[in-house]
Amino acid sequence: MMRKERKSVLRYFGRVTRDLYAIMPWEVSGVILLELLEAAAGFLQVSAAAGFFDAAGRWLEGGADRNLVFRRAGLFVVAMGLPMLCRLLVEALQNLPMFLKHHRLIHRLHGRVASVPLIRLEEPEFHNEVWRAKMSVYNFGLVNYFFGFIDLLPLLVRFLGTVWVIAAFHVSFIPLALLSVLPSILVRFRYQRERYSMKRAQTPLERRKDYLWQVLTGRSLAKELRTMGTEKYIREKWALARDQVMDETLAFERKNGNRVLRGDLFKFFGVGASIGLSIWFAHRGLISLGQFAACIAAFGSLQSMAESVMNQLAWQKGRADFAGDYYDFFDNEAEEEEGENYPGLQDRIEARDVSFCYPGSGKEALSGVSFAIRKGERVVIVGENGSGKTTLSKVMAGIYRPENGLVLYDGKDAFSYDKDSFYKSFSVIQQNFVKYQFTVRENIGISRPAQIHNDERLLKSARDAGIEGTVRRAGGLDAQLGREFDGVELSGGEWQKLAIARGLNKDADVIILDEPTSALDPLVEYDILVKFLDMTRGKTSVIISHRIGLGRFADRIIVMKDGRVAQTGTHDELLAMGGEYGRMWHEQAKWYQ
Ligand code: ADP
């Protein structure tokens, strides 16, 4: 989708300069000073050249002393050499420190992505925006935008100097030179505009390419690719995406190349006209024959200076669009609202007529869900796959905002609390937990960094989650885990228990456990969950599971079906009631005999 409004080329200059200055104040100030010096040297060059030639001419005619000639010659050499020196220094600053350090802008992007409401991550357009914002840093869009303007300074000075020189011959050369480069400039502005649109439209394709590359080269999927023989298929799919990007780009560049050629042809008419004009001026005696050649040469240089300046501006227009990808992300993405400090659960959590629908899905994942969980209650939510258990846990934990209805903590909307303080008293152990390729200590302790060196605490969490033996075998708390960085690899079940240890280590008031045990043997899984319920006695805990037998150890059971609460009660109450719970219980009863 194209952005409709036209944006000024200077729109982001202040912000880019401020942001780059915050990251590298010395380099940014240095570059600005050097470029100003280079621009000033441009002025100096003109007068130093005039002074030197004047003194040299007079000295040859015997009218000036030799020392003056040497002094002016010295000044002339300095004026010629200074811009070169400035350029060298600017390039040294640009090439190494600035281009490397500007990547810190990505850090801010990470921070911003972490502050958007989590539901945005369910929308593909959000990922397109993040991709574009990231690319505007990685492709040097922002830093080049800054340099583009700074580099323009000396260019402008040289351009004005050339205008001044040629005006001395005749002012009519100036509009002629500008007109002759106009078509080629217009072509370049159009090129920048269309190139940006093309790149923008290619974002989903680039993301797909990136995803396929990760599938192809990632360690976790390699085994499936080989054994299932899907590697070739995915490689071809990647190549197809790559070719599509390449073909579109090549076709665009070819079309543009033709336009540039036509635009450039126009410049020859300008040169022809300037020669004709010079002949006419010479013929009328307005310029001497000696000035005739200088006049044509000056016209050529004015033409190319005008083109350089305008070309640079056209590039800046394109860079401004790419810089916009970064800043628009910050401007347009809503942040989680700030709220009041969360004092911890005092009395109860309540869902009141809650409905929720995932973005882009026409079907409600939750509809009209109501229940209450008292502080200290241990609740098991059961239901078949797709019945809405996970969605319910996310809405309950304030991760997703309900479309209708409210989730109340002690009578207050969960979204009215400050998120940081809210999550301090929460531990959510998710189905798709992370296998951090870190040490055991970090894997468990990351949920409470202030206590990460408290070995006793970490080992207790490991013991409670049933992985004390695994930790010992791996080589202790400081053993590196995962093959990514040459550590000890754990089994799927061990990783899951580690995630549970991490959740327990947080020592939260409210613990939600969303089936992170599916890779475990059913009996081990059952055993862990029962232990978990036992361990969380006194805490408010919610286990989401398809293991119906767990209900016997919970204070209460909520049965989900098709996004609704089908039944709630204790195991005995529900069995007596019959219905969905009774049906599932009898189906699974053989496991619990
Ligand atoms: P359960 O945990 O009981 O298996 P879920 O809460 O995961 O069920 O899913 C409930 C419904 O929401 C299902 O129909 C599922 O297809 C849908 N759903 C789950 N996650 C998403 C998502 N990210 N985007 C769209 N629909 C989803």
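Up top you'll find the structure we're talking about.
Fair warning: this is a prediction, and the values are worked out from it, not measured in the lab.

The helix and strand tally for the protein stands at 20 helices and 10 strands. Seen through its C-alpha atoms, the protein measures out along the principal axes to roughly 120 × 50 × 50 Å. In the protein, buried positions account for 46% of the 593 residues. Looking at the protein as shown, the accessible area adds up to about 30300 Å², and 59% of this sits on carbon and sulfur atoms. Both charge centroids of the protein, one from 78 positive and one from 71 negative side chains, sit 5 Å from each other.

Around the ligand, the neighbouring residues are Glu122, Tyr358, Lys363, Ala365, Glu384, Asn385, Gly386, Ser387, Gly388, Lys389, Thr390 and Thr391. Considering each element in turn, the shell around the ligand owes the most residues, three residues, to helix H12 (residues 389-396). Its residues assigned to classes, the shell around the ligand shows two nonpolar, six polar and four charged.

If you walk through the whole model with that rule in mind, you get 31 aromatic pairs. Pairing tyrosine 358 with tyrosine 400 gives two aromatic rings, centres 5.8 Å apart and planes at 85 degrees, and the pair type is edge-to-face. Residue tyrosine 358 is found in the loop between strand S1 (348-357) and strand S2 (364-374), and its partner tyrosine 400 is found in the loop between H12 and strand S4 (404-409); the two are separated by 42 residues along the sequence. Judged by relative accessible area, tyrosine 400 falls into the buried class, the value being 3%. Lying over the aromatic face of phenylalanine 330, arginine 108 brings its terminal NZ or CZ to 5.1 Å of the ring centre. The cationic tip of arginine 401 hangs over the ring face of phenylalanine 415; the distance from NZ or CZ to the ring centre is 4.3 Å.

What follows covers the sheet that holds strand S7 (residues 510-514). The six strands lie next to each other as S6-S7-S8-S3-S9-S10, forming an open sheet whose pairing is mixed. Looking at the sheet topology across the chains shown, the edges are occupied by strand S6 (426-429) and strand S10 (564-569). Each strand of the sheet is rotated relative to its neighbour by a mean of 15 degrees, with strand direction disregarded. Relative to S10, strand S9 (residues 556-561) is paired through five bridges, and the arrangement is antiparallel. Counterpart to isoleucine 557 in the pairing with S10 is glycine 569.

Before going further, it helps to examine the layout of surface pockets. Here the largest pocket is characterised by a volume of approximately 1100 Å³. As for the largest pocket, its lining consists of 31 residues, of which Leu118, Tyr423, Val428, Gln430 and Lys506 are closest to the centre. When grouped by side-chain class, the residues that make up the lining of the largest pocket number 15 nonpolar, six polar and 10 charged. Taken as a whole, the second largest pocket holds about 390 Å³ of empty space. In this structure, the second largest pocket is lined by 21 residues; those nearest its centre are Met135, Asn139, Arg195, Lys199 and Phe322. A class-by-class count of the residues in the lining of the second largest pocket yields six nonpolar, eight polar and seven charged.

We now examine helix H9 (residues 219-228). With one of 10 residues buried, H9 lies mostly on the surface of the structure. In the stretch just after H9, glycine 229 is the one whose phi turns positive, near 70 degrees.

In this section: the packing of helix H6 (residues 141-169) against helix H7 (residues 173-201). Running from amino to carboxyl end, H6 crosses H7 at an angle of 130 degrees, the nearest separation of the two axes being 9 Å. Here H6 lies oblique to H7, going by the angle between them. For the pair H6 and H7, contact is made by Phe159, Val163, Ile166, Ala167 and Phe169 and by Phe173, Ile174 and Leu178, respectively. Taken together, the residues of the contact of H6 with H7 break down into eight nonpolar, no polar and no charged.

The next subject is empty space enclosed by the protein. What the rule picks out here adds up to one cavity of 30 Å³ or more. Within this model, the largest cavity holds a volume of roughly 40 Å³. Lining the largest cavity we find Val440, Ile467, Thr470, Val471, Ala474, Leu481, Leu490 and Leu498. In terms of residue count, helix H16 (residues 468-474) provides more of the lining of the largest cavity than any other element does, three residues in total. Class assignment of the residues belonging to the lining of the largest cavity gives a composition of seven nonpolar, one polar and no charged.

Conventions we followed
- Residues numbered from 1 in each chain as written.
- Predicted model: local features only at pLDDT ≥ 70, side-chain atom pairs only at ≥ 80, totals over all residues.
- Heavy atoms only, no water.
- Helix = DSSP H or I, 4+ residues; strand = E, 2+ residues; numbered from the N terminus.
- Buried < 20%, exposed > 50% of the residue type's maximum accessible area, 1.4 Å probe, protein only.
- Areas by Shrake-Rupley, 256 points an atom, 1.4 Å probe, with all protein chains shown as cover.
- Lys, Arg positive; Asp, Glu negative; His and termini not counted.
- Charge placed at Lys NZ, Arg CZ, Asp CG, Glu CD.
- Near = heavy atom within 4 Å.
- Nonpolar A, V, L, I, M, F, W, Y, C, P; charged D, E, K, R; others polar.
- Phe/Tyr/Trp six-rings, centres within 6.5 Å; stacked < 30°, edge-to-face > 60°.
- Lys NZ or Arg CZ within 6 Å of the ring centre and 35° of its normal.
- Pairing = 2+ DSSP bridges.
- Axes fitted to C-alpha atoms, helices over the stretch in contact; angles between N-to-C directions.
- 1 Å grid on protein atoms, 1.4 Å probe; cavity = no way out; pocket = protein on both sides within 12 Å on 5 of 7 lines; lining within 4 Å.
- Points joined across faces, edges and corners; volume = space filled by probe spheres on them.
- Parallel < 35°, antiparallel > 145°, perpendicular 65-115°, else oblique.
- Contact = heavy atoms within 4.5 Å.

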